[in-house]
Amino acid sequence: MRRDRDWTGYGFLLPYLMLFGMFLVLPMVFGLGLSFFRYEMLSKEPAKFVGLENYREALWLPHADGTRGDAYFRQALWATVRFVVLAAPLTVTFALLLALGISMAPERRQNIYRLMVFVPTMITISVVGILWRWFFADQFGLFNIWLTRLHLREVHWLTDVNMAMKSLVLMTLWWTVGGPVVVLLAGIKQIPDAYYEAAAIDGATGWRRCWYITLPMLKPVLLFVIVLNVIGAWQVFGQPFIITSGGPERSTLVLMQYIYVTSFLNYRLGYGAAMSWLLFLLIAAFSLVQFRLMREK
Amino acid sequence: MKEPWYSRAGIEALVVLTALLFVAPVVLIYVTSLKPEAEIVKFESVWPKDAREGIRKNYEYVLKTPEEIPIFRWLGNSILVSSSVTLLVLTVDSLAAYALARLRLPGKKYVFAMIIGTLMVPGQILLVPVYLILNKLGWIDTPWALIVPHGAGAFGVFLLHQFFKAIPKELEEAAMLDGAGKLRIWWNLMLPLSKPALATLAIFTFVGSWNDFLGPLVFLDSVEKYTLPVGVALFQSSYSSEYGLTLAASVICTTPILLIFLVFSRQIIRGMAMSGLKE
């Protein structure tokens, strides 16, 4: 092997680095730059540097009625927070319980259960939307047909302001729990048997073993699953966009959808880029805090 | 595992029940798409009374009005886009991963760190700037917009890097003694030896692109260029209360991907597991 400086290897890297630069590094820098401009795609005016004006509009611009910032942005942020707080812990907890349950079954059946739980994840969001809109419909909806048959009161799954987000979370749980289950199950299987054998000699029973061996050993994988899930939840778009279009009364209008509407339906790209960066900062801060908290424990 | 048999059986019964609950909605897509509308809204039984009538009403309409629902057009677009993305990602990522894992490059450490540093960057926040870049390139409303940007993701480079690193040095040295160049080693040694990782990456990339919704929604304008997910979503918005029709379209959209899933389930599951156990 030659030990001198050999640049020819960069030939192999070049195709990827070009794409990486063009569609990852450049958009990040470009997006940040864009967020300091007033740039409306359809207007004849050229992009104009406005400093922090876009951020001010979202966060603290005073209005005549005494409120500050963009009320829709605030509402969208709040809707997103509600989704993250509901969906992420539920998904991870449910996935953990399922993975633990599946890990107790005999090997061959484990594979079948895992496969079954993973099937919904393979289905594209528009099909998921068609299916669950039918389940959730007020009239002729499958859930309400069954509730009526059981002589229970009908639920306004998607039309009740207090219910819509919870319905979306329920659907998300079904759609996305498979991935975390598979990852957690693999993590559980990686724990060496010797630990369990030692615990058995010490007389540890099922729950204690789970609490003192499985969970602590699973921590790195669990951390990975939690962080990934939370990052994903912040970017939620398809579920509310397709199923509720942000309604009723904007109660499920999440940040990504507001960014989409602002940028591509109202053509305010500078403002859209600024909100994207705010979302990015939120996600980054959140992930950092999570890493810190989990590391310390 | 030494739990008493009854608690193990109890837990497994719960698992089975949950697993069935997960599959049931998917089964419902299929059986309900065979029912005429009146039967769906009454929902007296899960199975269709007369599947032929449902097929005639739902599938024939969906398949025989291509000017209104060009579903095979969308299917073709989806196949073209997803296969191209997969081919691009596999080629570009494996070349890069080979260089990063096996070649001596000045400053390699920094390049690798930079690429890995973007693993956690949420792609969706790049939507607006990527749109403007694609617009400058004149790629809006072309398949290129759905294909090329996907090549920038860091996941594949990372996955293949880990795999290539584990291949024994001796094999590479033997090939070099035989006079094989770097390109030959990449093609004749690295790629065949990492088939499982390549298969995993291929399936992940394909499925990810197949299910991509926001990309085609933002980057395409003309209906005949849509991919299945956006096409079906458009269809459902104009026939939102006709469950039979929209479910028949869903079946056409879902079947190819479910087949891939069933055939490659082992690779998919292994890939999912690998993605969480790296480090």
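Scroll up for the structure.
Structural notes, computed from the coordinates. Values in this document were obtained by computation on a predicted structure and should not be read as measured data.

Conventions we followed
- Residues numbered from 1 in each chain as written.
- Chains lettered and ligands numbered in written order.
- Predicted model: local features only at pLDDT ≥ 70, side-chain atom pairs only at ≥ 80, totals over all residues.
- Helix = DSSP H or I, 4+ residues; strand = E, 2+ residues; numbered from the N terminus.
- Rg over C-alpha atoms; globule rule 2.2 N^0.38 Å.
- Buried ≥ 20, exposed ≤ 12 C-beta atoms within 10 Å, placed from the backbone.
- Core = buried A, V, L, I, M, F, W, Y, C linked by C-beta atoms within 7 Å.
- Contact = placed C-beta atoms within 7 Å.
- Axes fitted to C-alpha atoms, helices over the stretch in contact; angles between N-to-C directions.
- Parallel < 35°, antiparallel > 145°, perpendicular 65-115°, else oblique.
- Nonpolar A, V, L, I, M, F, W, Y, C, P; charged D, E, K, R; others polar.

So, about the overall build of chain A. When you go through chain A residue by residue, the secondary structure sums to 13 helices and two strands. Taking 2.2 N^0.38 as the reference for a compact globule, 297 residues should give roughly 19 Å; the C-alpha atoms of chain A span a radius of gyration of 24 Å, well beyond that estimate. Overall, the C-alpha framework of chain A stretches about 80 × 75 × 35 Å when taken along its three principal axes. Sorting the 297 residues of chain A into buried and exposed places 43% on the buried side.

Considering soluble globular proteins, one finds that nonpolar side chains tend to be buried as a cluster. Counting residues in each nonpolar core, the largest one holds 160 residues, and the members touching the most others are Leu184(A), Met275(A) and Ala96(B). The biggest single contributor to this core is helix α3 (residues 71-103) of chain A, with 13 residues. Once you skip the residues sitting within four places of it in the chain, Met275(A) turns out to touch Ala58(A), Phe73(A), Leu255(A), Tyr258(A), Ile259(A) and Thr262(A).

To continue, consider the packing of helix α5 (residues 125-136) of chain A against helix α13 (residues 228-238) of chain B. Remark: α5(A) packs on α13(B), axes separated minimally by 8 Å, with the N-to-C direction vectors making an angle of 25 degrees. Judged on the interaxial angle alone, α13(B) and α5(A) are roughly parallel. Across the interface between the two elements, Ile125(A), Ser126(A), Val127(A), Gly129(A) and Ile130(A) from α5(A) touch Pro229(B), Val232(B), Ala233(B) and Gln236(B) from α13(B). Each residue belonging to the contact of α5(A) with α13(B) can be placed in one class, and the counts come to six nonpolar, three polar and no charged.

Turning our attention to the interface of chain B and chain A. Chain B puts 73 residues into the contact, and the matching count from chain A is 73 residues. Secondary structure elements with two or more residues in the side of chain B that touches chain A: α1 (5-32), α4 (71-102), α5 (108-117), α6 (127-137), α11 (195-210), α12 (214-219), α13 and α14 (243-277) of chain B. Here the element with the most residues in the side of chain B that touches chain A is α14(B); it accounts for 16 residues. For the side of chain B that touches chain A, the per-class residue count stands at 54 nonpolar, 12 polar and seven charged.

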